[in-house]
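# Geometric and topological summary
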Amino acid sequence: MSAIQQLRDALDRADRAVAMDREGQYRDAIILYQEASSMISSQITRVLEDQRSVLINYARLYTERATVLNTHLEQQESVPLPAPAIPSSNRSVPTNPFPAFAIDFEEEPIPTDSVRDVPPQAPSHRPYWLMRVLARILATGGHLTSRIYIPKAIWQLEGAKLAGLNVKMDACEALLDRLKQIESLDFDHADRLSKELDSFCTFINTVQNNLSRHFSYIHEATDDKKDEVVKSSFGQKMKALGASLAKGATRLGNVAVKTSSSDNSRYMQLITEVMEKSQFLEGWLSMAETEGWTNCIPKLSRVGDFFYSVICALVMRDCAIILEKYIRKVRESFARLYPRHAAK
């Protein structure tokens, strides 16, 4: 028997138990309360996490009411018991039992502290602000905007289709290794910082170009140091055609596949570490702006653009895919629990 059918039978018993309780048929009500509580408890692990607390609460209410009735029968009190303080339908035994005893969805409190981090005025600092917001959302859930809240539970969803998960995780691991290498470096002169930034920009260009071959929404990085070539050259056209065909073949092989919650968690952990570890780069940017190191600022702006247009783009695109799947799952679950309400 499916979990939904088991819960329908349990709530049918609960509804009849409440009716018998009110009519004074306490012994029959006790049996039905106990059966309903036991059946609900056996199915708690098979429902969505958001609904578990509601079911646990009802199972507890049924058990407590059965205990009260047992005590009353043992004492044989002549004073009638008060009506049960358990929600029920206004009807007696319904033809369609499940909607008669509705489970209310409990809205979990949404923290307000995650909307207080306002974006900085300087555009060059906004990629790091956005990564802080996204890292918090991935770790604990939070507001993407003042009106959009993304729960952490979406990353525990089974069966979401994400494309190129291994490619993304390889890129994140490579970025983490490189960030750890340069994080502890101490720069007291613009030339030293500029030299390290040249190397880092070459590295992130390689990462971006590799990802652009798999994901159409990530643009290929350009190398400003390359000499201009004649666009009309036949050889150049053939080279561009070959690169285009290779890129298309790579993307065709990079189809979205269903992922497990463990895969999602691993990916979420890696990309969160990248966004948190890269925050020291904003300190480099502030230092270059304060010291007036004009040869470093454009390179640091390029680094910020990489994290915005590549790393943040990956997170935002995957969040949208998984959130859509999560909303659809919740809607389907609601439709099974409340078939009449879902039809309206």
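Note that this is a predicted model, so its numbers are computed, not measured.

For the structure on display, the rule yields six aromatic pairs. Ring centres of Tyr58 and Tyr62 lie 6.2 Å apart, and the angle between their planes is 25 degrees; on these two criteria the pair is classed as stacked. Placement of the pair is Tyr58 and Tyr62 together in helix H3 (residues 49-75), with a separation of four residues, close to one helical turn. The exposure class assigned to Tyr62 is buried, which follows from its relative accessible area of 0%. Three or more aromatic residues joined by ring pairs make a cluster, and in this case those are Tyr33, Tyr58 and Tyr62. A cation sits over an aromatic face here: Arg178 above Phe203, 5.2 Å from the ring centre. The cationic tip of Arg317 hangs over the ring face of Tyr217; the distance from NZ or CZ to the ring centre is 4.0 Å.

With that settled, the discussion passes to helix H10 (residues 280-291). With twelve residues, H10 should reach 16 Å at 1.5 Å per residue; the first-to-last C-alpha distance of 17 Å fits that figure. Residues of H10 that are buried: Phe280, Leu281, Glu282, Trp284, Leu285 and Ala288. Looking at the residues trailing H10, positive phi occurs at Gly292, about 75 degrees.

A few words now on the packing of helix H6 (residues 165-183) against H10. Contact geometry for H6 and H10: axes closest at 11 Å, N-to-C directions at 45 degrees. Between H6 and H10, the angle is such that the two are oblique. Here H6 and H10 pass one another in a crossing that is left-handed. In this structure, H6 uses Leu179, Ile182 and Glu183 to contact H10, whose residues at the interface are Phe280, Leu281 and Trp284. Its residues assigned to classes, the contact of H6 with H10 shows five nonpolar, no polar and one charged.

Moving on, we get to the nonpolar core. If you look at the biggest cluster of nonpolar residues, it comprises 65 residues, and the most contacted ones within it are Leu211, Ile271, Met275, Leu281, Trp284, Val303 and Phe307. Those elements that provide at least two residues to this core are helix H5 (126-140), strand S3 (161-163), H6, helix H7 (190-212), helix H9 (261-277), H10 and helix H11 (297-337). Take this core: its biggest share by element is 14 residues, from H11. Apart from the residues within four sequence positions on either side, Phe307 is in contact with Met131, Leu179, Val274, Ser278, Leu281 and Cys312. With 24 residues, the next largest nonpolar core counts Val18, Tyr26, Ala29 and Tyr58 among its residues.

The next point concerns the pattern of salt bridges. Applying the stated rule across the entire model yields eleven salt bridges. Its salt-bridge partner being Arg132, residue Glu282 comes within 3.0 Å of it at the nearest N-O pair. In this pair, Glu282 is assigned in helix H10 and Arg132 in helix H5, connecting sequence segments 150 residues apart. Take Glu282: its relative accessible area is 16%, and that puts it in the buried class. What makes Arg132 partly exposed here is its relative accessible area of 29%.

Along the chain, His125 falls in the loop between helix H4 (97-100) and H5. A polar atom in the side chain of His125 sits 3.0 Å from the side chain of Glu289. The residues touching His125, leaving out its near neighbours within four places in the chain, are Pro120, Glu282, Leu285, Ser286 and Glu289.

Criteria and thresholds
- Residues numbered from 1 in each chain as written.
- Predicted model: local features only at pLDDT ≥ 70, side-chain atom pairs only at ≥ 80, totals over all residues.
- Heavy atoms only, no water.
- Phe/Tyr/Trp six-rings, centres within 6.5 Å; stacked < 30°, edge-to-face > 60°.
- Helix = DSSP H or I, 4+ residues; strand = E, 2+ residues; numbered from the N terminus.
- Buried < 20%, exposed > 50% of the residue type's maximum accessible area, 1.4 Å probe, protein only.
- Lys NZ or Arg CZ within 6 Å of the ring centre and 35° of its normal.
- Expected span 1.5 Å × (residues − 1).
- Axes fitted to C-alpha atoms, helices over the stretch in contact; angles between N-to-C directions.
- Parallel < 35°, antiparallel > 145°, perpendicular 65-115°, else oblique.
- Left-handed = near helix turned anticlockwise from the far one by under 90°.
- Contact = heavy atoms within 4.5 Å.
- Nonpolar A, V, L, I, M, F, W, Y, C, P; charged D, E, K, R; others polar.
- Core = buried A, V, L, I, M, F, W, Y, C linked by side-chain atoms within 4.5 Å.
- Salt bridge = Lys/Arg side-chain N within 4 Å of Asp/Glu carboxyl O.
- Polar contact = N/O pair within 3.5 Å; in protein donor to acceptor, adjacent residues only side chain to side chain.

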